[in-house]
Amino acid sequence: MTLVSTAWHVISALLVFLAGMLLVTWAGRHFGTGSRRSLALYAWHTLFCLVYCWYVLKYGGDAIGYYRTARGGARAFDVGTYGVVYLTRLLIEGLGVSLLGTFLVYNLFGSLGLLAFDASLRVVTRDKSRTLRRLATLIVFLPSVSFWSSGIGKDALSFLATGLALWAALDLQRRIPLIAVAVAIMLLVRPHMAGMLVMGVSLALLLHPGTSLARRVLLGSVALAVAAALVPFGLEYAGVKSPDAESLMSYVEGRQGQNMQGGGAVDISSMSLPMKLFTYLFRPLPFEAHSIFALAAAVDNMILLYLFVMGGRAMLRHPGRRYQENRLFLWSYALIAWLMLGMTTANLGISLRQKWMFTPMLILLFLSALGTPRPQLLRPAGPPLTPVMQIYQRYGIRPGQQRREP
């Protein structure tokens, strides 16, 4: 397997990269991100795309399997694994791209998700201290965020869907169409996660106090209808034949056994539920790292753990604080996803990739709880004050009133 084999492969890869620059710049304007920052995020993400490409060529990986299967011939459209294969085949046959060009297309998907993630964190920290704004930037530039979402596979598209859903949560009532786009993208690669997204939206629309009764009934009914269709479909895709308790427990136990294989496996079946959730989100820890990649992941996990501890402490100290984002939607989706994935995943290699389908929601929730907004200088609503009026304002004199001598 080679990156490029013809002159067109080189040209097409370059064209994909340049088209990505234009698209990222355009998207950055819509997200309120400057062109320089948007291009910096794109360059950073592309760097990890090249690293990922080198890694799978040297050590193998799912990305090579997707590309080989897609290049092997036509397949009927389906969701999940074959959704990625079908999309990859369209790229190969329609654009004639090579392995490198296909990687760069998926890298663009992940870059747009990263841009939405960055824009969301910038919104919730724009009135906070410089330290918090720098922490938000540090999180966006964590290697784990960009590495797994930069290659051929489900992770790039699912991260894009997560970023769009996160951005929509900042103004959920007006960005319902964007949520629909996020659900459609997630449905292509991970239908069960799309069902969880719709469940979160349904709860947010039904229980949000600021929504009128008519709008609540209309939007809630549509969301519940979509959830009623997607959740059983997602469960069936995941391997649950019927949504009863016995089938769900059999599925969880089966997934735990399947995921025990591989070098990143841990014995999750004997852990308590809190330990399962901690293991899924924050391991490996630094003393568990056995390679340079594991060490990088461990450093990322320590930063996340610090954020979660300090953010949780801030929430407990200020329980009545009001926020811009729709926290009911974010909490609903994040906790449902964390619970289900934490109970069914024992392989740390899998958790390092899949946790970025909901971790951005938790990061925003905790980061927005930290710090206090900086006081803004009040500007006069009318025209500038005249010198005489400035003197009146300085000594507290109203026009037509003489200042009383002491």
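Note that this is a predicted model, so its numbers are computed, not measured.

Enquirer: Can you walk me through the overall build of the protein in this structure?
Expert: Each helix and strand in the protein was counted, giving 18 helices and zero strands. Residues classed as buried in the protein amount to 48% of the 406 residues present. When contacts within the protein are restricted to residue pairs at least 6 apart in sequence, long-range pairs at least 24 apart make up 74% of them.

Enquirer: For this particular structure, what's the right way to read the nonpolar core?
Expert: In globular proteins that are soluble, nonpolar side chains generally tend to be buried together. Ranked by size, the top nonpolar core spans 105 residues in total, and within it F117, F329 and Y333 carry the most contacts. Per-element tally for this core: the top contributor is helix α5 (residues 99-125), with 17 residues. If near-sequence neighbours (up to four positions away) are discounted, F117 is found in contact with I139, V140, V145, F159, L166, P360 and I363.

Enquirer: Got a minute to help me understand the packing of aromatic side chains in this structure?
Expert: Given two aromatic rings, one states the distance between the centres and the angle between the planes to describe the pair. With the rule as written, the count across this model stands at 19 aromatic pairs. Between W44 and F48, the ring centres sit 4.9 Å apart and the planes meet at 70°, which makes this aromatic pair edge-to-face. Taken together, the residues W44 and F48, both in helix α2 (residues 35-59) and four residues apart, mark about one turn of the helix. On the accessibility criterion, W44 (25% relative accessible area) is partly exposed. Ring geometry for W44 against F141: centres 5.5 Å apart, planes inclined by 70°, an arrangement best described as edge-to-face. Taken together, the positions of W44 in helix α2 and F141 in the loop between α6 (130-140) and α7 (143-147) put the pair 97 residues apart, joining distant regions of the chain. Classification of F141 by relative accessible area gives partly exposed; the value is 25%.

Enquirer: Explain a nonpolar patch on the surface here, please?
Expert: On the surface, W54, Y59, I292, F293, L295 and V299 cluster together into a nonpolar patch covering about 630 Å² of accessible area. Elements represented by at least two residues in the nonpolar patch include exactly α2 and α14 (292-317). Per-element accounting of the nonpolar patch gives the leading share, four residues, to α14. With respect to the secondary-structure elements, L295 resides in helix α14.

Enquirer: Would you take a moment to explain the confidence of the model for the protein for this structure?
Expert: Detailed reading of the predicted model is not advised wherever pLDDT is low. On average, residues of the protein score 80 in pLDDT, and 76% of them are at 70 or above. Overall, residues 238-264 carries pLDDT values under 50, and its contacts beyond four positions in sequence, including any with other chains, amount to 37 contacts. Low pLDDT, under 50, characterises residues 376-383; the predicted model gives this stretch one contact beyond four residues in sequence or across chains.

Enquirer: Help me understand the packing of α5 against helix α17 (residues 359-369) in this model?
Expert: Orientation of α5 relative to α17, taken along the N-to-C sense of each, is 15°, at an axis distance of 9 Å. Considering their axes alone, α5 and α17 lie roughly parallel with respect to each other. By crossing handedness, the relation of α5 to α17 is classed as right-handed. Of the residues in α17, those touching α5 at F117, S120, L121, V124 and T125 are P360, I363, L364, L367 and S368.

Enquirer: Where do I start with the environment of Q324 in this structure?
Expert: Position of Q324 relative to the elements: it lies in the loop between α14 and α15 (327-344). When the C-alpha positions of Q324 and D171 are compared, they lie 7.7 Å apart, and in sequence the two are 153 residues distant.

Enquirer: I would appreciate a short explanation of the UniProt feature "transmembrane region" (unreviewed entry) in the protein in the present structure.
Expert: Taking the UniProt record as the reference, the feature "transmembrane region" (unreviewed entry) is found at residues 6-27, 39-57, 95-117, 138-170, 176-205, 217-235, 292-316 and 328-350. Annotation note: span residues 138-170, helix share 73%, strand share 0%, distance between end C-alpha atoms 21 Å.

Enquirer: Please explain the environment of W356 as it appears in this structure.
Expert: Looking at the element boundaries, W356 is found in the loop between α16 (348-354) and α17. A relative accessible area of 4% places W356 in the buried class. As a C-alpha pair, W356 and F159 span 197 residues in sequence and 6.7 Å in three-dimensional space. If sequence neighbours within four positions are ignored, W356 has contacts with S144, V145, F159, T162, L304 and I363.

Enquirer: Quick question: what am I supposed to make of α5 here?
Expert: Along its 27 residues, α5 runs 39 Å from first to last C-alpha, staying within 8% of the 39 Å computed at 1.5 Å per residue. For α5, the tally of buried residues reaches 26 of 27 residues, placing the bulk of the element in the interior.

What counts and what doesn't
- Residues numbered from 1 in each chain as written.
- Predicted model: local features only at pLDDT ≥ 70, side-chain atom pairs only at ≥ 80, totals over all residues.
- Heavy atoms only, no water.
- Helix = DSSP H or I, 4+ residues; strand = E, 2+ residues; numbered from the N terminus.
- Buried < 20%, exposed > 50% of the residue type's maximum accessible area, 1.4 Å probe, protein only.
- Contact = heavy atoms within 4.5 Å.
- Core = buried A, V, L, I, M, F, W, Y, C linked by side-chain atoms within 4.5 Å.
- Phe/Tyr/Trp six-rings, centres within 6.5 Å; stacked < 30°, edge-to-face > 60°.
- Patch = residues over 30% accessible without salt bridge, like charges linked within 9 Å, V, L, I, M, F, W, Y side chains within 5 Å.
- Areas by Shrake-Rupley, 256 points an atom, 1.4 Å probe, with all protein chains shown as cover.
- Salt bridge = Lys/Arg side-chain N within 4 Å of Asp/Glu carboxyl O.
- pLDDT = per-residue confidence, 0-100.
- Axes fitted to C-alpha atoms, helices over the stretch in contact; angles between N-to-C directions.
- Parallel < 35°, antiparallel > 145°, perpendicular 65-115°, else oblique.
- Left-handed = near helix turned anticlockwise from the far one by under 90°.
- UniProt positions renumbered as here; feature names shortened; annotations may be inferred.
- Expected span 1.5 Å × (residues − 1).

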